[in-house]
Amino acid sequence: GPGSEPGARSWGEEGGMAQQRWVRLSADRPTSTVYVLGTELSLDVSGSAPVGATTFDIWGTAGVNLYIVHNGETLKVPSCVPRWPLEANIEAIITMDTPSIRASSDKVRISYYKDTGKGPMAQALLHLTCVEISLDVDTSRSGTVNRKAKNKRKWMWGPEGKGAILLVNCDKDDHDAKGMDNQDKKVESYADLKDMSLMILTTCGPEDIFDDYQLVLHVSASDHDKVGVFYAKGGKKLSQYKHILGSGKLSYVVEHDGFQEKNFYVEGLAFPDVDFSGLVSFHITLLERPCEGLPDIPIFSDTVVFRMAPWIMTPNTLQPITVYICSVKTNADFVAAVSKLAMKAGCKLIICPEQENRQDRWIQDEMEFGYVQAPQKGFPVVFDSPRDGKLKDFPFKCVLGPDFGYVKREPVNKKTVSSLDSFGNLEVSPPVTAKGKQYPLGRILIGSYFPSCRGNNMVKVVRDFLYAQKVQPPVELYSDWLVVGHVDEFLTFVPASDRKVGGPAGRDPSLLAVSGACINNVN
């Protein structure tokens, strides 16, 4: 904004004027207040004027910028106008540029005059203390917190977008923990801290000013079960990190211990879903504490917004890292062949033994792999299907671990789960452009029943979860002509030497023609 030009006022977020607060003055006694850097104070010029006054002038100490708004024009004081008319459409505005060293060190004086009077009839005096308060996050997605960034309340998608990202802390960095890291309200390791996003509160100004004012960090009631916040008072030992917000805790009173910067660590508790957009907001509010018995008065607030990183499904055209396979009584040759192939490809091979799988070989139906990504960190996340066969405990017991997350969605009524809820019925395309629109992370493919047919679709809780992630908009394909009905029975994607990706592959040669028709539908 044009704040550095003569006569210009400061501009706040989103291209509008800065936060403005109205201050009532008195001609009987001095008034004291706090000015927060980057805001505006609008003075009640007329309210403190004595009866009979028709004009006024205004004066301030060197640290104060004064403006008069009259008839739609803004003029910086001092100006060529010695006195201003006391009219309804006139406004006095104050800004400051530097935090105060001492409380009430800056002053503004308004003098009131009669038409013919040379000396003032009365004067109203305002004592000012300038403080800086800023709540900051990584809005540029660079991996570093951006100080005093603009548009902290806005969040925009895309590589050119802005807005902080939060990971759902759904891995288990401590092998001895019973559940995921976001379920314990503790910081068990420094690795756990790295899964969180940093939020910095900066305050600057005289310490004694906070005898009459209070800083409160808070989150809305609708977001408290979506996030957790940790703060270490007085050091960085793991035992000093305390859970201060989230999971029922809506606010935290910030203590003033001489440190101008306070680091808060924020973890995500929930993925985007049908009832949660993924956006969460944090607010720091300065409260004025008036006389005893009166409620605190909010005089300033700063807000930052995070978006929860979505679960992103990984396409099988990427370079493989780990192969999972079940060993059962009848597939020894298959396990041996896959083992040789994995060794040749340089992949890690994890074999689920018979005592673990209990003769359930369909590991592809039990789980699907994806990942979450923020500027500072990313890790894979296994999506556990509601199928719950004999492999139902394998994803949680054997896949969840350090830097490997876990998520599951299952309906309240488990009798509604059908074959279409196995994750062989869940695939994702490579990056694709369809009808002129780019999908850089591909599109999820789900097998469904034709609308006129009687049958079950994938359960709503899973479908809602997949649609809510937004970055891989699902495409539903009719698969009811198959006995099992899984989309992976009639199509997959393979890398091609000319860098174009695609091509059907059927499990049975007789399905190849139908598979080709399905790929045409996808295209």
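Everything that follows concerns the structure shown earlier in this document.
Cut-offs used in this document
- Residues numbered from 1 in each chain as written.
- Predicted model: local features only at pLDDT ≥ 70, side-chain atom pairs only at ≥ 80, totals over all residues.
- Heavy atoms only, no water.
- Pairing = 2+ DSSP bridges.
- Helix = DSSP H or I, 4+ residues; strand = E, 2+ residues; numbered from the N terminus.
- Axes fitted to C-alpha atoms, helices over the stretch in contact; angles between N-to-C directions.
- 1 Å grid on protein atoms, 1.4 Å probe; cavity = no way out; pocket = protein on both sides within 12 Å on 5 of 7 lines; lining within 4 Å.
- Points joined across faces, edges and corners; volume = space filled by probe spheres on them.
- Nonpolar A, V, L, I, M, F, W, Y, C, P; charged D, E, K, R; others polar.
- Salt bridge = Lys/Arg side-chain N within 4 Å of Asp/Glu carboxyl O.
- Buried < 20%, exposed > 50% of the residue type's maximum accessible area, 1.4 Å probe, protein only.
- Core = buried A, V, L, I, M, F, W, Y, C linked by side-chain atoms within 4.5 Å.
- Contact = heavy atoms within 4.5 Å.
- Lys, Arg positive; Asp, Glu negative; His and termini not counted.
- Polar contact = N/O pair within 3.5 Å; in protein donor to acceptor, adjacent residues only side chain to side chain.
- Phe/Tyr/Trp six-rings, centres within 6.5 Å; stacked < 30°, edge-to-face > 60°.
- Expected span 1.5 Å × (residues − 1).
- Arc of directions from axis to C-beta.

Colleague: When you look at the sheet that holds strand 23 (residues 367-374) in this model, what are you seeing that I'm missing?
Modeller: Across a sheet, paired strands are connected by hydrogen bonds in the backbone, their directions being either parallel or antiparallel. Sheet architecture is open: four strands sit in the order 20-23-24-25, paired in mixed fashion. At either end of the open sheet lies a strand with only one pairing partner, and these are strand 20 (312-313) and strand 25 (405-408). Bridge count for strand 23 against strand 24 (residues 377-384) is eight bridges, and the pairing is antiparallel. Across the sheet, Glu-368 pairs through a bridge with Phe-383, a residue of strand 24.

Colleague: What's the story with the sheet that holds strand 8 (residues 90-96) in this structure? I'm lost.
Modeller: What the five strands build is an open sheet, ordered 1-3-8-5-6; its pairing is mixed. In the strand order of this sheet, the two ends are held by strand 1 (20-23) and strand 6 (73-77), each with one partner. Averaged over all pairs of adjacent strands, the angle between their axes in this sheet comes to 30 degrees, without regard to strand direction. One ladder, built from five bridges, connects strand 5 (residues 64-70) with strand 6; its direction is antiparallel. Residue pairing for strand 6: His-70 is matched across the bridge by Glu-73.

Colleague: Would you mind going over the layout of surface pockets with me for this structure?
Modeller: Over the atoms, a rolling probe the size of a water molecule traces out where space has been left empty. As a volume, the largest pocket reaches approximately 1,800 Å³. Taken together, 48 residues line the largest pocket, and the ones lying closest to its centre are Thr-322, Val-323, Tyr-324, Gln-364 and Phe-369. Counting only elements with at least two residues in the lining of the largest pocket, the list comes to strand 21 (322-326), helix 2 (332-345), strand 22 (348-352), helix 4 (363-366), strand 23, strand 24 and strand 26 (426-428). Taken together, the residues of the lining of the largest pocket break down into 27 nonpolar, twelve polar and nine charged.

Colleague: Any chance you could explain the pattern of salt bridges here in plain terms?
Modeller: It is possible for side chains bearing opposite charge to pair when their charged atoms get close. Inspection of the entire model under this criterion finds 18 salt bridges. A salt bridge links Arg-387 to Glu-366, with the shortest nitrogen-to-oxygen separation between them at 2.9 Å. Here Arg-387, found in the loop between strand 24 and helix 5 (394-399), pairs with Glu-366, found in helix 4; they are 21 residues apart in sequence, far enough to count as distant. Across the pair, exposure class does not vary: Arg-387 and Glu-366 are buried alike. Here the salt bridges share partners, and the residues they tie into one network are Asp-384, Asp-388, Lys-408, Glu-410 and Lys-414.

Colleague: I keep staring at the nonpolar core and nothing clicks. Help me out?
Modeller: Within soluble globular proteins, side chains that are nonpolar tend to cluster in buried spots. Formed by 75 residues in total, the largest nonpolar core has its most connected members in Met-199, Phe-282, Leu-286 and Leu-466. Leaving out residues up to four positions away in the same chain, Met-199 has contacts with Leu-135, Asp-136, Val-137, Leu-217, Lys-262, Asn-263, Phe-264, Val-266, Phe-282, Val-304 and Phe-306. The next biggest cluster of nonpolar side chains, apart from the first, holds 25 residues, and it includes Leu-41, Val-108, Ile-110 and Leu-126.

Colleague: Even after reading the chapter, I still don't get the side chain of Asp-421, so can you show me in this structure?
Modeller: Tracing the chain through its elements places Asp-421 in the loop between strand 25 and strand 26. Within the buried set, Asp-421 has no salt-bridge partner at all; the shortest N-O distance to an opposite charge, 8.0 Å, is to Arg-463. In this structure the side chain of Asp-421 is engaged in a polar contact, spanning 2.6 Å, whose partner is the backbone nitrogen of Val-459. Beyond its immediate chain neighbours, meaning those up to four positions away, Asp-421 contacts Ser-385, Pro-386, Arg-387, Thr-416, Asn-457, Met-458 and Val-459.

Colleague: How should I be thinking about the packing of aromatic side chains in this particular structure?
Modeller: In total, this model carries 16 aromatic pairs according to the counting rule given. Both rings, one in Tyr-231 and one in Phe-264, keep their centres 5.0 Å apart while their planes meet at 35 degrees; by these two values the pair is tilted. Here the residue Tyr-231 occupies a position in strand 14 (residues 227-232), and Phe-264 occupies one in strand 17 (residues 261-268), the gap between them amounting to 33 residues. For the ring pair Tyr-252 and Phe-264, a centre distance of 6.5 Å and an interplane angle of 75 degrees mean the geometry is edge-to-face.

Colleague: Looking at this model, I keep getting lost on helix 2. Mind explaining?
Modeller: Owing to its 3.6 residues per turn, the α-helix brings residues three or four apart onto one side. The end-to-end C-alpha distance of helix 2, which contains 14 residues, comes to 20 Å, matching closely the 20 Å that a straight helix rising 1.5 Å per residue would cover. Of all the positions in helix 2, only Val-335, Val-338 and Ala-342 are classed as buried. Down the axis of helix 2, the buried side of the element spans an arc of 70 degrees, and every buried residue falls inside it. Turned more than 90 degrees off the buried face of helix 2, the exposed positions are Ala-332, Asp-333, Lys-340, Leu-341, Met-343 and Lys-344. Lining the buried residues of helix 2 we find strand 21 and strand 22. After helix 2 finishes, the residue Gly-346 shows a positive phi value of roughly 75 degrees.

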